[in-house]
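Structure at a glance
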Amino acid sequence: MLHQLISEKLGLNATDHKCLDFLNRTGPVTAGHLAQLTGLTTGAVTNVIDRLEQAGYVIRDSDPKDRRRVVVKPAEGSSAQISPLFNSVMQSTIQILSQYDEQQTLLILEFIRMCNEMTLAEMEKMKK
């Protein structure tokens, strides 16, 4: 629900926002790679990229390794529009984590990492 609300504040739908999040985390990628990362079809990703480009959040650029391909990357300054929406959440998270010592924090982070790996594995099972 938080991501839905943030998406609305940015004038995006939830899928577009999550794709933008992937791009901000990974850096420039091809549309095909973004489709693999998200599980969307290449056609759906093309529509997402069109909307994100029109909104000024991403740009298409030539792939430096293969000029025939196009990579999509976050537009300069686009993260500056998004970061303020997460500042309060980040500060609250830091406040919660500050209640734990280093060993406990490492255990929490390991738990989160394992949950993320499990989620990815379960997604792969569902694709079959």
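Each remark here, short or long, concerns the structure printed above.
What comes next concerns the included structure. As the structure is a prediction and not an experimental result, all values here were calculated from the model.

In terms of helices and strands, the protein carries six helices and three strands. For the protein, the succession of helices and strands along the chain, N to C, is α-α-β-α-α-β-β-α-α. Considered along the principal axes of its C-alpha atoms, the protein spans approximately 50 × 35 × 30 Å. A burial count over the protein gives 22% of its 128 residues as buried.

Below, the discussion takes up helix α2 (residues 14-26). Over its 13 residues, α2 runs 18 Å from end to end, which matches the ideal 18 Å to within 8%, given 1.5 Å per residue. Along α2, the positions that sit buried rather than exposed are D16, H17, C19, L20, D21 and L23. Where α2 starts, the residue carrying a side-chain oxygen 3.0 Å from the main-chain nitrogen of T15 turns out to be N13. G27 occupies a position one or two residues after α2 and carries a positive phi of about 85°.

Counting across every chain of the model gives 12 salt bridges. For D63, the salt bridge identified is with R69, shortest N-O distance 2.9 Å. The buried category is assigned to D63, whose relative accessible area is 5%. The residue R113 makes a salt bridge to E110 at a minimum N-O spacing of 2.5 Å. Within this pair, R113 and its partner E110 are both found in helix α6 (residues 102-127), separated by three residues, close to a single helical turn. Look at R113 and you get partly exposed, because its relative accessible area is 37%.

Quick look at the pairing of strand β3 (residues 66-74) now. The side chains of a regular strand alternate between the sheet's two faces. Two strands pair when backbone bridges link them, and strand β1 (residues 29-30) and β3 are joined in this way by two bridges, in the antiparallel orientation. Counted as the bridge partner of V29 is V72 from β3. Here strand β2 (residues 58-63) runs beside β3; their pairing, made up of six bridges, is antiparallel. Bridging across to β3, V58 finds its partner in P74. Between the end of β2 and the start of β3, which pair antiparallel, lie two residues.

Geometry of a packed helix pair, given as the angle between the helix axes and the separation of the axes. The interhelical angle for the contact between α2 and helix α4 (residues 42-54), taken along N-to-C directions, is 85°, at an axis separation of 10 Å. The angle between α2 and α4 places the two elements in the roughly perpendicular class. Between α2 and α4, the contacting residues are T15, D16, C19 and L20 on the first element and V48, R51 and L52 on the second. Taken together, the residues that form the contact of α2 with α4 break down as four nonpolar, one polar and two charged.

What counts, and at which threshold
- Residues numbered from 1 in each chain as written.
- Predicted model: local features only at pLDDT ≥ 70, side-chain atom pairs only at ≥ 80, totals over all residues.
- Heavy atoms only, no water.
- Helix = DSSP H or I, 4+ residues; strand = E, 2+ residues; numbered from the N terminus.
- Buried < 20%, exposed > 50% of the residue type's maximum accessible area, 1.4 Å probe, protein only.
- Expected span 1.5 Å × (residues − 1).
- Polar contact = N/O pair within 3.5 Å; in protein donor to acceptor, adjacent residues only side chain to side chain.
- Salt bridge = Lys/Arg side-chain N within 4 Å of Asp/Glu carboxyl O.
- Pairing = 2+ DSSP bridges.
- Axes fitted to C-alpha atoms, helices over the stretch in contact; angles between N-to-C directions.
- Parallel < 35°, antiparallel > 145°, perpendicular 65-115°, else oblique.
- Contact = heavy atoms within 4.5 Å.
- Nonpolar A, V, L, I, M, F, W, Y, C, P; charged D, E, K, R; others polar.

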